[in-house]
Amino acid sequence: MNDRGMTDFFFMYVSLSCLFHLVQFQYHTYLSHLSFTYYFVICITVTATLVAKEFAKGDTNAVQDAISQAIMAGTIIAAVMTPLLYLRPEVGLASVLKVGSAPAMKYAKPYLMIRAFAFLPGILSLVGFSAYRGTLDMVTPVKITFVTNMLNMIMDPICIFTLGMGVSGAAFATLASEILGAIVYIRLLIKKKLLNVRKLFKLPSWAQLEPLLRGGLAMQLRLVAMVRYKIYLQIR
């Protein structure tokens, strides 16, 4: 579970005051993890490597191409997963919760529906993080992560308690922090000339996408197996 997930978990525990429901509720986070896993692996493992390779050569155009391709691939994935998780959240939740009998379902469903809209912002943030990692700048991502996590921490109690949104408030707070992170990363990438907006509208060829897709496949299978095993251990 990431930092924002831990923040949500804490405030939802205070809100629900029921550890049993909350332990069941956290299973939906594994679904979100599975959804993001493939693109997370692509961004962190492959995109950072491609950016580092071209950045070392001093080839700015190639760096921009690598980042643009990662954003394009992620946008395609988000275009599929966002409406799927929003319109049919129970289908995905069925893999970690018993539909119709799990007490956590009434909390997990609205949470996942809101978090579905964080798919694209989350992807943009991952691309930004990977791009900075490829240029050996790890300070900027830490600063951005700190700011977005602080926003999430501040908004959680406001949305959950003050506005009376409950579990949905936790999802909304996380969505807001994801959007902020995406905006900041994109603006900084453009400012540093690591991203050319015009290239975002140019469809990449298979030869360009192949390293991204094939590079993350093997690690994806490994991470899926790990997550499923973790779910199995917790529901025994």
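What you see is a predicted model; the values in this text were computed from it and never measured.

## Side note on the overall build of the protein
At step 1: What the protein contains, in helices and strands, is ten helices and zero strands.
At step 2: In the protein, the succession of α and β elements from N to C terminus is α-α-α-α-α-α-α-α-α-α.
At step 3: Here the protein holds 236 residues, and 48% of them are scored as buried.
At step 4: Taken as a whole, the protein presents about 12200 Å² of accessible surface, with 68% of it coming from carbon and sulfur.

## Things to note about the packing of aromatic side chains
At step 1: As enumerated under the stated definition, the model contains two aromatic pairs in all.
At step 2: Ring geometry for tyrosine 132 and tyrosine 185: centres 6.2 Å apart, planes at 50°, overall tilted. You can see tyrosine 132 sitting in helix H7 (residues 119-134) and its partner tyrosine 185 sitting in helix H9 (residues 167-191), a full 53 residues away along the chain. Each of the two residues, tyrosine 132 as well as tyrosine 185, counts as buried.

## Notes on the confidence of the model for the protein
At step 1: The predicted model of the protein averages 77 in pLDDT, with 64% of residues at 70 or higher.
At step 2: Scored below 50 in pLDDT, residues 16-25 makes 23 contacts in the model with residues more than four places away or belonging to other chains.

## Digging into the pattern of salt bridges
At step 1: This structure, assessed with the given rule, holds three salt bridges.
At step 2: Note that glutamate 90 and arginine 88 form a salt bridge whose closest N and O atoms lie 3.0 Å from each other.
At step 3: When its relative accessible area of 23% is taken as the criterion, glutamate 90 is described as partly exposed.
At step 4: Residue glutamate 90 is joined to lysine 109 by a salt bridge in which the shortest nitrogen-to-oxygen separation is 3.8 Å. You can see glutamate 90 sitting in helix H5 (residues 89-93) and its partner lysine 109 sitting in helix H6 (residues 105-115), a full 19 residues away along the chain.
At step 5: A residue is classified by how much of its surface remains accessible, and lysine 109, at 32% relative accessible area, is partly exposed.
At step 6: One salt-bridge network, held together by shared partners, links Arg88, Glu90 and Lys109.

## Here's the deal with unusual backbone geometry
At step 1: For leucine 136, which is not a glycine, the phi torsion comes out positive at approximately 65°.
At step 2: Positionally, leucine 136 belongs in the loop between H7 and helix H8 (139-162).
At step 3: Judged by its relative accessible area of 74%, leucine 136 falls in the exposed class.
At step 4: Even without being a glycine, lysine 193 presents a positive backbone phi close to 60°.
At step 5: Secondary-structure assignment places lysine 193 in the loop between H9 and helix H10 (206-235).

## So, the packing of helix H4 (residues 60-87) against H7
When two helices pack together, you describe them by how their axes are tilted relative to each other and by the distance separating the axes.
At step 1: Between H4 and H7, the shortest axis-to-axis distance is 8 Å and the interhelical angle comes to 155°. Relative to H7, the element H4 lies roughly antiparallel. Here H4 runs over H7; the crossing is right-handed. Every residue of H7 that contacts H4 at Ile67, Ala70, Ile71, Gly74, Thr75, Ile77, Ala78, Met81, Thr82 and Leu85 is listed here: Phe119, Leu120, Ile123, Leu124, Val127 and Ala131.
At step 2: When grouped by side-chain class, the residues that make up the contact of H4 with H7 number 13 nonpolar, three polar and no charged.

## Points about the environment of leucine 84
At step 1: Along the polypeptide, leucine 84 turns up in helix H4.
At step 2: Relative accessible area serves as the criterion here: at 43%, leucine 84 is assigned to the partly exposed category.
At step 3: Residues leucine 84 and alanine 116, spaced 32 residues apart in sequence, show a C-alpha to C-alpha distance of 8.3 Å.

## Considerations on the nonpolar core
General note: in soluble globular proteins, nonpolar side chains tend to be found buried as a group.
At step 1: Grouped together as the largest cluster of nonpolar side chains are 27 residues, with contacts concentrated most on Ile67, Ile71, Leu85, Phe119, Val127, Leu189 and Leu195.
At step 2: Broken down by secondary-structure element, the contributors of at least two residues to this core are H4, H6, H7 and H9.
At step 3: For this core, the element with the highest residue contribution is H4, accounting for eight residues.

## Quick word on H6
At step 1: Restricting attention to buried positions, one finds in H6 the residues Met105, Tyr107, Ala108, Tyr111, Leu112 and Arg115. Along the axis of H6, the buried positions cluster into a sector of 150°, meaning they face one direction only.

Rules used in this analysis
- Residues numbered from 1 in each chain as written.
- Predicted model: local features only at pLDDT ≥ 70, side-chain atom pairs only at ≥ 80, totals over all residues.
- Heavy atoms only, no water.
- Helix = DSSP H or I, 4+ residues; strand = E, 2+ residues; numbered from the N terminus.
- Buried < 20%, exposed > 50% of the residue type's maximum accessible area, 1.4 Å probe, protein only.
- Areas by Shrake-Rupley, 256 points an atom, 1.4 Å probe, with all protein chains shown as cover.
- Phe/Tyr/Trp six-rings, centres within 6.5 Å; stacked < 30°, edge-to-face > 60°.
- pLDDT = per-residue confidence, 0-100.
- Contact = heavy atoms within 4.5 Å.
- Salt bridge = Lys/Arg side-chain N within 4 Å of Asp/Glu carboxyl O.
- Axes fitted to C-alpha atoms, helices over the stretch in contact; angles between N-to-C directions.
- Parallel < 35°, antiparallel > 145°, perpendicular 65-115°, else oblique.
- Left-handed = near helix turned anticlockwise from the far one by under 90°.
- Nonpolar A, V, L, I, M, F, W, Y, C, P; charged D, E, K, R; others polar.
- Core = buried A, V, L, I, M, F, W, Y, C linked by side-chain atoms within 4.5 Å.
- Arc of directions from axis to C-beta.

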